[in-house]
Amino acid sequence: MNYQISHLKELEAESIFILREVAAQFEKPVIMFSGGKDSILIVHLAYKAFYPARIPFPLLHVDTGHNFPETIKYRDDLVKKLGAKLIVGSVEEAIKSGLVVEEKGINASRNMLQIGVLLDTLERGKFDAAMGGARRDEEKARAKERFFSHRDEFGQWDPKNQRPELWNLFNGRKNMGEHFRIFPISNWTELDVWQYLAMEKVALPSLYFSHERDVFEREGTLLADCDYIQKKPDEKVFKETVRCRTIGDMTCTGVWRSNAQTVEEIIEEVATTRMTERGGRTDDKRSETAMEDRKKEGYF
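I tried to follow the overall build of the protein chain on my own but got confused; where do I start?
Within the protein chain one finds 8 helices and 10 strands. Out of the 300 residues in the protein chain, the part that is buried amounts to 54%. Considering only contacts within the protein chain whose residues lie at least 6 apart along the sequence, 72% involve residues at least 24 apart. Accessible surface for the protein chain amounts to roughly 14600 Å². Of this, 50% is attributable to carbon and sulfur atoms.

What is the right way to look at the side chain of T71 in this model?
Assignment of secondary structure puts T71 in helix α3 (residues 69-82). Given the relative accessible area of 2%, T71 is considered buried. If we ignore the near neighbours within four places in the chain, the residues touching T71 are S34, G35, L207 and I247.

Help me out: how do you make sense of the sheet that holds strand β6 (residues 179-182) in this one?
Note: strands within a sheet are paired through backbone hydrogen bonds, in either parallel or antiparallel orientation. One open sheet holds the 6 strands; their spatial order is β3-β2-β1-β4-β6-β5, and the pairing between them is mixed. Among the strands making up the open sheet, the edge pair consists of β3 (86-90) and β5 (148-151). The average angle at which neighbouring strand axes cross in this sheet is 30°, direction not considered. Pairing geometry for strand β4 (residues 129-131) and β6, over 3 bridges, is parallel. What sits directly across from A130, in β6, is R181.

Procedures and definitions
- Just so you know, the residues in each chain are numbered from 1, in the order the chain's sequence is written.
- With pLDDT at 70 or above as the cut-off, local features in this predicted model cover only qualifying residues; side-chain atom pairs require 80 or more to be listed or tallied, and sums for whole chains, interfaces and linings still use all residues.
- Here the side-chain values reflect all heavy atoms present in the structure, with hydrogen atoms and water set aside.
- Only runs of H or I of at least four residues qualify as helices and only runs of E of at least two qualify as strands under DSSP, and these elements are numbered from the N terminus.
- Buried residues are those whose accessible area, probed at 1.4 Å on protein chains only, stays under 20% of the maximum for their type, while exposed residues exceed 50% and partly exposed ones sit between those limits.
- Any two residues whose heavy atoms approach within 4.5 Å are treated as being in contact.
- A 1.4 Å probe and the Shrake-Rupley method give the accessible areas. Residues count as covered only by the protein chains that appear here.
- When DSSP finds two or more bridges between two strands, those strands count as paired.
- Think of each axis as a best-fit line through the C-alpha atoms, taken over the contacting stretch in the case of a helix, with angles from 0 to 180 degrees between the N-to-C directions.

Take a look at the structure:
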């Protein structure tokens with residue numbers, strides 16, 4: 001067997017083992033689904049883990065209301081194809097109800113508001129495990145996570161107080177009101193993800209492939225022009241051939257100049273770039289510890 005295929009199969013087996021552990025240990029798990037490649041990978045692995053039965057977990061999407069339209073279309077098409085249950089936590093409705101308060105100003109984003117909506121949705125649904133597509137190579141705060149990451153009764157995470165995971169033994173014991181975040185693809189890299197998706201021929205959102213789009217530049221990052229972002233007087237819109245490396249809220253998800261139109265071209269691009277995939281995420285640039293601060297409060 002080709003070495004790379006063997007490597008990908010080992011990662012697949014590890015992730016499927018974790019998904020089955022979640023099904024065995026928890027009463028009401030859910031898959032957090034953003035429409036990005038990593039959450040798509042989790043859903044694909046879950047499909048393989050429990051085939052020919054349906055995926056035994058619902059999909060939970062925290063919808064900021066500021067998503068790329070392509071993301072929502074892909075999400076709805078995938079749910080219909082798999083016959084899966086979709087749960088939507090709406091930031092828009094949370095703002096109207098007073099659960100969260102919308103940011104104002106040039107750099108306003110609904111990204112942080114997802115925390116309150118996620119925790120509220122998990123509590124109302126009585127979900128005791130939420131599976132996400134975070135990987136350790138993405139960002140230094142995510143490198144600190146265990147596969148089974150404990151959250152207290154307030155949904156908060158303490159990176160200094162985590163349970164050991166020796167010999168793939170996972171401790172899912174919890175007290176009333178607590179839950180776990182599960183990260184089945186923690187050991188995958190961005191390149192692993194793309195190579196596996198290519199090997200499995202998984203359909204992906206069009207955002208990941210190069211396309212022409214109206215953009216503007218802010219502090220060295222290209223952002224897609226949309227009605228959700230208040231532009232500064234000197235920020236001029238122009239057309240550019242771009243693609244997304246990550247997919248999130250339009251207000252904080254940078255796009256990349258790229259001519260990659262196939263998965264194979266994306267793999268070549270990822271293998272040679274020196275910029276991290278979250279290098280274009282403006283939400284990570286608010287402070288040196290932006291991601292870890294959000295995660296401690298209950299972020300994905």
